[in-house]
2 protein chains.
Amino acid sequence: MKQDLDALMESAGLDALLVSGPATHNPAMFYFTGNVHVDPGDLIKLRGQAPVLFCNPMEREQAASTGLQTKNLAEYRYNDLLNQVGGDPLKATALRYQKMFADLGLESGRVAIYGLLDAAYSYEVFNMLQELMPEIEIVGEMRNPVLKLARETKDEDEVEHTRKMGAATVEVVGKTAAYLQSHKAKDGVLVKENGQPLTIGDVKTKINEWAIAAGVENPHGVIFAIGRDAGVPHNLGEPDDVLALGKTIVYDIFLQEPGGGYHFDFTRTWCLGYAPEKEQKLYDDVREVFDRLMTEEMEANMPFAALQDRTCELFEEQGHPTIRQDQMIQAGYVHSIGHGLGLDVHELPFARPSDAVLKPGVIVTIEPGLYYPDEGMGCRLEDTVFVHADGRMEVLAEYPLDLVLPIEEA
Amino acid sequence: MKQDLDALMESAGLDALLVSGPATHNPAMFYFTGNVHVDPGDLIKLRGQAPVLFCNPMEREQAASTGLQTKNLAEYRYNDLLNQVGGDPLKATALRYQKMFADLGLESGRVAIYGLLDAAYSYEVFNMLQELMPEIEIVGEMRNPVLKLARETKDEDEVEHTRKMGAATVEVVGKTAAYLQSHKAKDGVLVKENGQPLTIGDVKTKINEWAIAAGVENPHGVIFAIGRDAGVPHNLGEPDDVLALGKTIVYDIFLQEPGGGYHFDFTRTWCLGYAPEKEQKLYDDVREVFDRLMTEEMEANMPFAALQDRTCELFEEQGHPTIRQDQMIQAGYVHSIGHGLGLDVHELPFARPSDAVLKPGVIVTIEPGLYYPDEGMGCRLEDTVFVHADGRMEVLAEYPLDLVLPIEEA
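From a predicted model like this one, the values you see are computed outputs, not experimental measurements.

**Comments concerning the overall build of chain A**
A tally of regular secondary structure across chain A gives 11 helices and 20 strands. Oriented by its inertia axes, the alpha-carbon framework of chain A measures out at about 75 × 50 × 35 Å. Considering chain A as a whole, with its 410 residues, one finds that 52% of them fall into the buried category. Taking all contacts inside chain A whose residues are at least 6 apart in sequence as the whole, residues at least 24 apart take part in 65%.

Structure, rendered in C-alpha cells:
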C-alpha cells in the first residue's frame, strides 16, 4: 500500500523515487496523481517526505487538482540549459533533473526510476544523469521493485475502485448474454433480423458501446473467441466469425477506469444452445479445478506458485498435459493460474517461481483453463479475488459460471 | 517513411533496431505490427533485412497476422536461462536478447532501442546487455532518432488512415454542435428537457459515445473548456461547469485509431448564442493569424521554427505578449504553433528551435491561440495539414471556423 512506501524504501536502501511520463496510462504516475491530464510530468518522492509533481505551466491546474505539491518545470528554463550544453537534449534534460533534485535537497543517495517511457529516454537520459551525478546511484526496479511492491497490496480505496470496475464488468457481461439470447438460431448459427448471421465483430461493437455507457475504458480489446480460436488463449476472436451453436466461446474481458486507472479481469466460457459431449467434458474438467481452487486450495499467505503447481497437479490427474511438464506446450493447461491486478492488468503477485504469496491486501485473478485448438475448443473460467486482512477471499464480482446459454430456434 | 529506414540506419551508422513492448499503444511497435494483441513482443530489424517479431506462443497467431516474419520467444527457455544465471531476471533477459541477436546473425554493431517500456527495464536490462555484449553498442534515439525520422514523413497508407480519422473527428464535432444547438437557453445557460443546466460532463459523455460509434478511441480525453478554463490551454474543462452563453469554449479533440493507431488533432472555439465584444476581438485576432498562416506564411520546406517565430511576430503586432518574449508566460500566445501528428499525438516535426522543416510527407497541426485566463477567456483554432510532394498543403478534414453557435431562447 502507498502508506508502506517509506518503509519499503528504507529496506531497499532507497533515498528517492523518480517517476516520469504522463499521468494517464502510466501506472507508476497514475498511482500518485489519479486521472489528470499532465503530460509529461516528473514526480520525485524523497524517503519520509511527500511526493512533489513537476509539470509544465499549461497543466498547472490539472497538477494542482491531484492534491500533490507541485512545481513549475518551466522555472528550470530548458532552452537556456540546452544552450548551456551546446544543444544536447540529453545533457540538458539530465542537468534539469540535477537541478530538480537539488531544489528538493537531494544531492546524493540511491534513486529508483519509474514510469512508462521511451526506451531511449530511459537509457540515455538516466545514464547521462548517472554520469553527471556520480554522487547518486540510479537503480531500476527489476530487482528493487519498491513501487510495485507497494502496489501489490491495495488499500480500501483501491479495492473499492476495483469492486466498481467489477460491477461495470458483470453488467457488460450480462448485457452480452442477453444480447446473444435475443437472437434466434437458424441452421446452427445465430441470425439477425435481416437474416444475416450474427458475427463476433457485431458482438464486440456492442461490448464497446456498453463499456462506454458504463463509463469505463476497454484499451486492451476483449477476447471473444469461438471454437478453434477459443483454444488459443490470447486469440481475440475473428470479427467475421459467425456465432455457431455448440462451440466453446471464451469471453475474457479486462476493462479499465478512464485515463488508465484500475482494472477488472473476468472470463466465462459459453456454448450457445447446447454443449456437445466433448465440450461439456472440457468445461466440467475446468469447472472442477476452478471450484477446488476457490473453495479448498486457495489460502491466504500461501505461495502463489504453489497454487500454480497444485493446478497443474489437478489437471494432470484428469489426464491433461500441463505447462509444468513442458514450457512450450500448446495444448492442455498452457498458462499461469493467475496474476495480480490493479493499475496494470498484470502486476504483482505473479504465480511464477518467486517468493510471492497471497498475502492480505492482494487482488489476484484465478483463471484455470484448458485448450485444444486442434479439436476446435478451449475453456477458461476466471474470477478476480481480494484477500482480506482476516484471510477471507472475496470474489469482487459474482456472476453465474454456466456453460450453456439457451437459444431459441428461428 | 518506412521505406527510408535502411537509408536512415545507414546514415546513422546503425546495424539493427530493437523495438520492445506491446504492439498496441506503443507507437514504435505499432508502426511495424498494426493493431494486434502481442504483449509483450520484441522486434528486431537488421539493416537491409525485413524485421522479425518475437512473441509468446500464446500470441503466435496474432503475430502471424501482421505479415511479419515471427519467432517463438518460448524457444529461448527463459526459465532455464534464469536458473543458469542464478535467478537474476536482468541477466536472464539480457542473455535472451544475446541469443535472439545471434539467431539473426547479429554479433556486433550498433543497435538502437525503441518502445514504450518501464524505465527500469530499459535502464537495467539494456545496461546489462551492453555489459554482456561489449561487441555491440546500444544507442537510444534522443540523438539518433532513426525510427522517429522515418515516421516523420507519411506514406499514402498512413495519410489515408489520418484522413479517415479526420472524417471521424469532424463527424463527432458536427454532432457536438448539433447537440448543443438542440438545447435552448434559459437565464443565460443551456438547459435540458428536465430544466436542469446542460453541463460539460454531459457533453463529454456524448462525445465519447459518438467516438465509439465512429469506431475510434479517445484515450487522451478531450478538451472542452469554457470561460476561464478556456484560457488555460491544457485545462480539460470542469465536468460540472454549465454551458453559459457568450463565453469562449475551446474544443480540442484528438481521437486515435483503435489499439493506439493514427491520430487526428483538431480545435475550434465556440461562443454559444453570441460573442461579447472582448471575446469577438480575441477570436478575430486568432482567426486573422490562422488565416495568414494557412494562406500566406506556411510553405513546404520552410523551417517549422520559422513559422513559430512568424506567429509570434503576428500576435505581437496585434499587441499580444508571446512566449518568445518570455518562456514562463501564461497570458497571450503561450505555446507552439504546432507539431507533427501520427502514432504519437505529438511527434516530429516540432516547431521548436531545430532543423525541422515542413518537408513533403509531414502531417502537422497548425494551432494559433490566445489565452487570458484572468479575463475569463481563451481561443484556439487548429487544423491538421498534410504537405504533398508538390508542396501543396492539404487540410485533412475541413470544418467551418465560425465562432458563434446560434442558440434559441427557451
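**Remarks on the pairing of strand 12 (residues 266–272) of chain B**
Residues and elements named next belong to chain B. Most of strand 12 is tucked away, with 7 of its 7 residues classed as buried. Both faces of strand 12 are covered, namely the face carrying Phe266, Arg268, Trp270 and Leu272 and the face carrying Thr267, Thr269 and Cys271. One ladder, built from 6 bridges, connects strand 11 (residues 248–253) with strand 12; its direction is antiparallel. Bridge pairing in strand 12 places isoleucine 249 opposite tryptophan 270. Direction of pairing for strand 12 relative to strand 20 (residues 404–405): parallel, over a ladder of 2 bridges. Within the sheet, the bridge partner assigned to cysteine 271 lies in strand 20 and is valine 404.

**Focus on the interface of chain A and chain B**
With 47 residues of chain A at the interface, the matching set in chain B holds 47 residues. Those elements giving two or more residues to the side of chain A that touches chain B turn out to be helix 3 (60–64), helix 5 (89–103), strand 5 (109–114), strand 6 (116–118), helix 6 (119–132) and helix 9 (200–213) of chain A. The greatest single-element share of the side of chain A that touches chain B, amounting to 7 residues, is contributed by helix 6 of chain A. Split by residue class, the side of chain A that touches chain B holds 23 nonpolar, 16 polar and 8 charged. As defined by bridge partners, strand 6 of chain A adjoins strand 6 (residues 116–118) of chain B across 3 bridges and the pair is classed as antiparallel. In the strand pairing of strand 6 of chain B, aspartate 118 of chain A is matched with leucine 116 of chain B.

**What about the domain arrangement of chain A?**
All names here are of chain A. When the domains of chain A are assigned, the result is domain 1 (2–150) and domain 2 (153–405). On the side of domain 2, 9 residues touch domain 1, which itself brings 10 residues to the contact. Those elements that place two or more of their residues in the side of domain 1 that touches domain 2 are helix 2 (27–33) and helix 7 (146–152). The element that contributes the greatest number of residues to the side of domain 1 that touches domain 2 is helix 2, accounting for 3 residues. Looking at the side of domain 1 that touches domain 2 residue by residue, the class counts come to 4 nonpolar, 4 polar and 2 charged.

**Remarks on the packing of helix 5 of chain A against helix 6 of chain A**
All names here are of chain A. Orientation of helix 5 relative to helix 6, taken along the N-to-C sense of each, is 60°, at an axis distance of 9 Å. Taken as axis vectors, helix 5 and helix 6 run oblique relative to one another. The element helix 5 and its partner helix 6 pack so that their crossing is right-handed. Contacts between helix 5 and helix 6 involve Leu90, Lys91, Thr93, Ala94, Leu95, Tyr97 and Gln98 from the former and Glu124, Val125, Met128, Leu129 and Leu132 from the latter. In terms of residue class, the contact of helix 5 with helix 6 is made up of 8 nonpolar, 2 polar and 2 charged.

**Topic: the packing of helix 10 (residues 277–297) of chain A against helix 11 (residues 304–317) of chain A**
Residues and elements named next belong to chain A. Relative to each other, helix 10 and helix 11 sit at 140°, their axes nearing to 10 Å. The angle between helix 10 and helix 11 places the two elements in the oblique class. When you trace helix 10 past helix 11, the crossing you get is right-handed. On helix 11, the residues touching Val289, Arg292, Leu293 and Glu297 of helix 10 are Leu307, Arg310, Thr311, Leu314 and Phe315. Class assignment of the residues belonging to the contact of helix 10 with helix 11 gives a composition of 5 nonpolar, 1 polar and 3 charged.

**Side note on the sheet that holds strand 20 (residues 404–405) of chain A**
Residue and element names in this part refer to chain A. Taken together, the 4 strands give an open sheet; going across it, the order is 10-11-12-20, and neighbouring strands pair in mixed fashion. Either end of the sheet is taken by a strand with one partner, and the two such strands are strand 10 (223–226) and strand 20. Across 4 bridges, the pairing between strand 10 and strand 11 (residues 248–253) is antiparallel. Each bridged residue has a counterpart across the sheet, and for isoleucine 226 the counterpart in strand 11 is isoleucine 249.

**Notes on the relation of the copies chain A and chain B**
Expressed as a screw operation, the relation of chain A to chain B combines 0.0 Å of axial shift with a rotation of 180°, fitting to an RMSD of 0.0 Å. Here the symmetry operator amounts to a two-fold rotation axis. Taking the C-alpha atom as reference, chain A places tyrosine 123 of chain A closest to the rotation axis, 2.4 Å from it. In this assembly the copies share their binding face: 98% of the residues contributing to the interface of chain A also contribute to that of chain B.

**Digging into the environment of methionine 128 of chain A**
Residue and element names in this part refer to chain A. Relative to the helices and strands, methionine 128 resides in helix 6. Classification of methionine 128 as buried rests on a count of 21 C-beta atoms within 10 Å. Measuring from C-alpha to C-alpha, the distance between methionine 128 and alanine 94 comes to 6.2 Å, with 34 residues separating the pair along the chain. Once residues lying within four places of it in the same chain are set aside, the contact partners of methionine 128 are Leu90, Lys91 and Ala94.

**Focus: the nonpolar core**
Counting 242 residues, the largest nonpolar core has Ile113 and Tyr114 of chain A together with Ile113 and Tyr114 of chain B as the members making the most contacts within it. Setting aside anything within four residues of it in sequence, one finds isoleucine 113 of chain A in contact with Leu18, Ser122, Phe126, Ile138 and Gly140 of chain A together with Ala119, Ala120 and Tyr123 of chain B.

**Here's the deal with helix 11 (residues 304–317) of chain B**
All names here are of chain B. Under the 1.5 Å per step criterion, the end-to-end length of helix 11 is 20 Å for 14 residues, consistent within 8% with the ideal 20 Å. Taken as a whole, helix 11 has its buried residues at Phe304, Leu307, Gln308, Thr311, Cys312, Leu314 and Phe315. Projected onto a plane normal to the axis of helix 11, the buried residues spread over an arc of 165° and lie on a single side. Looking at the packing, one finds that the buried side of helix 11 touches helix 10 (277–297) and strand 14 (347–350).

**Thoughts on the sheet that holds strand 2 (residues 41–46) of chain A**
An order of 4-3-2-1-5-7 (chain A) is seen for the 6 strands of this open sheet, with the pairing classed as mixed. The outermost strands of the open sheet, each flanked by one partner alone, are strand 4 (69–72) and strand 7 (136–139) of chain A. Neighbour to neighbour, the strand axes of the sheet diverge by 25° on average, direction disregarded. Here 4 bridges tie strand 1 (residues 16–21) of chain A to strand 5 of chain A, and the two strands are oriented parallel to one another. By the bridge assignment, valine 19 of chain A is partnered in strand 5 of chain A with tyrosine 114 of chain A. Each of strand 1, strand 5 and strand 7 of chain A touches helix 6 (residues 119–132) of chain B; the most contacted strand, strand 5 of chain A, lies at about 115° to it.

**Quick word on unusual backbone geometry**
Omega for the bond connecting leucine 348 of chain A with proline 349 of chain A falls within 30 degrees of zero, at -5°, which places this linkage in the cis form. Relative to the helices and strands, proline 349 of chain A is located in strand 14 (residues 347–350). Here the amide bond leading from aspartate 39 of chain B into proline 40 of chain B is cis, since omega sits at -5°, within 30 degrees of zero. Along the chain, proline 40 of chain B falls in the loop between helix 2 (27–33) and strand 2 (41–46). Phi at asparagine 301 of chain A is positive, roughly 70°, even though this residue is not glycine.

How each quantity is defined
- Residues numbered from 1 in each chain as written.
- Chains lettered and ligands numbered in written order.
- Predicted model: local features only at pLDDT ≥ 70, side-chain atom pairs only at ≥ 80, totals over all residues.
- Helix = DSSP H or I, 4+ residues; strand = E, 2+ residues; numbered from the N terminus.
- Buried ≥ 20, exposed ≤ 12 C-beta atoms within 10 Å, placed from the backbone.
- Contact = placed C-beta atoms within 7 Å.
- Pairing = 2+ DSSP bridges.
- Nonpolar A, V, L, I, M, F, W, Y, C, P; charged D, E, K, R; others polar.
- Domains from an automatic or database assignment.
- Axes fitted to C-alpha atoms, helices over the stretch in contact; angles between N-to-C directions.
- Parallel < 35°, antiparallel > 145°, perpendicular 65-115°, else oblique.
- Left-handed = near helix turned anticlockwise from the far one by under 90°.
- Least-squares fit on C-alpha atoms with pLDDT ≥ 70 in both.
- Core = buried A, V, L, I, M, F, W, Y, C linked by C-beta atoms within 7 Å.
- Expected span 1.5 Å × (residues − 1).
- Arc of directions from axis to C-beta.

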